[in-house]
Amino acid sequence: MAGIGEEIGNLLDGLGVDRRAWTEGSLPSFTPLTGEQVAMVRVADTASIDAALDTATAAFRAWRRVPAPRRGELVRLLGDELRAAKDDLARLVTIEAGKVPSEGAGEVQEMIDICDFAVGLSRQLYGLTIATERPGHRMMEVWHPLGVVGVISAFNFPVAVWAWNAALALVCGNSVVWKPSEKTPLTALAVQAVFARAAARFGDAPAGLSQLLIGGRDAGAALVDDKRVALLSATGSTRMGRSVAPRLAARFARAILELGGNNGVIVAPSADLDLALRGVAFGAMGTAGQRCTTTRRLFLHDSIYDGFVAKLKAAYASVGVGNPLEGDVLVGPLIDRAAYEAMQEALAAAKAAGGMVTGGERVGEGASFYVRPALVEMPGQVGPVLDETFAPILYVMRYDDLDVVIDLHNDVAAGLSSSIFTTDVREAERFLAASDCGIANVNLGTSGAEIGGAFGGEKETGGGRESGSDSWRQYMRRATNTINYSDALPLAQGVSFEI
Ligand code: UN1
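What counts, and where the lines are drawn
- Residues numbered from 1 in each chain as written.
- Predicted model: local features only at pLDDT ≥ 70, side-chain atom pairs only at ≥ 80, totals over all residues.
- Heavy atoms only, no water.
- Salt bridge = Lys/Arg side-chain N within 4 Å of Asp/Glu carboxyl O.
- Helix = DSSP H or I, 4+ residues; strand = E, 2+ residues; numbered from the N terminus.
- Buried < 20%, exposed > 50% of the residue type's maximum accessible area, 1.4 Å probe, protein only.
- Near = heavy atom within 4 Å.
- Polar contact = N/O pair within 3.5 Å; in protein donor to acceptor, adjacent residues only side chain to side chain.
- Areas by Shrake-Rupley, 256 points an atom, 1.4 Å probe, with all protein chains shown as cover.
- Nonpolar A, V, L, I, M, F, W, Y, C, P; charged D, E, K, R; others polar.
- Domains from an automatic or database assignment.
- Contact = heavy atoms within 4.5 Å.
- Buried area = accessible area lost by both parts, 1.4 Å probe.

J.: Before we go on, may I ask you to explain the pattern of salt bridges in this structure?
T.: A side chain of one charge can pair with a side chain of the opposite charge if their charged atoms are brought near each other. Taken as a whole and judged by the stated rule, the model has 28 salt bridges. Here E7 and R91 are joined by a salt bridge, their closest N and O atoms 2.5 Å apart. Of this pair, E7 sits in helix α1 (residues 4-15) while R91 sits in helix α4 (residues 68-97), placing them 84 residues apart in sequence. The exposure class assigned to E7 is buried, which follows from its relative accessible area of 18%. Residue classification places R91 among the partly exposed residues on the basis of a relative accessible area of 34%. Between D116 and R83 there is a salt bridge whose closest N-O contact spans 3.0 Å. Taken together, the positions of D116 in helix α5 (residues 101-121) and R83 in helix α4 put the pair 33 residues apart, joining distant regions of the chain.

In structure tokens:
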């Protein structure tokens, strides 16, 4: 598409990004919309990574002394700046990550929402007061800032995941160092410029309070292995988590891991089928199947199987696939050739395991990779159904017994998101009690969680929780304080030690 490079230039200029950062570097950057190279981005070298961690450490030392509600003011300004930049940033997300416009805007809205949440939190970082067994004593918990927070984010939520972490980390009194996906450096540069505007309006934020490290393995490895980083929040594949987790554990660093998902939906006999159809369609095809919360497995009760599959096939056939800048489409491109190849491999493996595939073909040719979402009727939960393939493939299976299907649902390595469509309260509650995922829903899909809840999952999803609820506690350290205001020194547990 002619002019996309020019449009990116205009957007980045408008968002306040220094041209040299994306024209004079060594990391080529592409748009999945056309596959063309659109920028050459500067990457951090070893010396600048080291300097960034020093600066982040100094920034933390200053920032932790700023009262939390005042820290919240910076995040409030960040939310303001994001509101002002929303349209341009959303457009950039569409160009760089391939999201359709409404999902690009949704991603930026998610950033704004978490800023609002964090501002409120900045006046609530509360601890407990606990009953003590000793007279004239008080015992309490106080939450303190933690240190430098490293953030490694993935291409599919190129900016929102940074915001979930950064907004909380900042109100909690930490500094932030962010390594975005090498596939999405431009949106990261734009967000960094937005942050810089908020910091300038704030006035006296320490230099380097939130930094960006664009780079490959070196930058990621520094965040994982360097003891100056107190907490690493990493989003990506389970394979990445398997490499990162033991290294963090070896240096006793904190980790928040958001890894793979293999999310399932059960449609029960009593379900509102129109609702279920819409929920499954968005969950499975939204973001071209490239969300960690994407619906990948669908369990249909025998009694509704044939009719539901027919409706689903019609929905799959009708959905528009293509360049979101050019037409009214619901499914944009895969991120790159590797994603397309992984999808084709999974479909071939599904066929070999007895699957019946509808869709999955490539649309168009050239350097971009558009595919029709694939529906695969499987004879059982075997072969590629057990793994996450980051592409729009929905495996469909039959069931007749709810307890059996819940066990089957849980019998995969990942444990992120799950849902049931039913109007039977007993079925709903049995599912909620038994799903082993971090997210379990009734009568809505697996994706599109709001920021107010804790986000994350169990098993090979990594166990981390980000975003809402009490996730903030991970970004702080807890101290138990006991104060003796008596003139005696009673020992706990009745111990006597008279000198
Ligand atoms: C991800 O895909 O990494 O629940 C995050 C959702 C979004 C976040 C997805 N709020 O689908």
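And the narrative resumes.
J.: Where do I start with the site of the ligand in this structure?
T.: Close to the ligand lie E110, N156, F157, W164, R291, C292, T293, S447, G448, A449 and F455, which account for all nearby residues. Contact between the ligand and T293: an oxygen atom at 2.6 Å from a side-chain N or O atom of the residue. In isolation the ligand exposes 320 Å². Once the protein is present, 99% of that is buried. Within the shell around the ligand, the residues separate by chemical class into 5 nonpolar, 4 polar and 2 charged. When residues are assigned to domains, the shell around the ligand turns out to be shared by domain 1 (4-259 + 462-479) and domain 2 (263-442), each giving three or more.

J.: Which parts of the structure should I look at to understand the domain arrangement of the protein chain?
T.: Think of interface size as the accessible area that goes away when the parts come together; that is how it is often given. Each domain of the protein chain was delimited in the assignment, giving domain 1 (4-259 + 462-479) and domain 2 (263-442). Distance from the C-alpha centre of domain 1 to the C-alpha centre of domain 2: 31 Å. At the interface, 22 residues of domain 1 touch 22 residues of domain 2. In this assembly, domain 1 packs against domain 2 so that about 1,700 Å² is buried in total across both faces, 62% of it on carbon and sulfur atoms. Linking domain 1 to domain 2 there are 2 salt bridges. Between K183 and D336 there is a salt bridge, with the nearest N and O atoms lying 3.4 Å from each other. Across the contact surface, domain 1 and domain 2 share 5 residue pairs in polar contact (both at pLDDT 80 or more). Elements with a contribution of two residues or more to the side of domain 1 that touches domain 2: α1, α4 and α5. At 5 residues, α4 tops the list of elements feeding residues into the side of domain 1 that touches domain 2. Within the side of domain 1 that touches domain 2, the residues separate by chemical class into 10 nonpolar, 5 polar and 7 charged.

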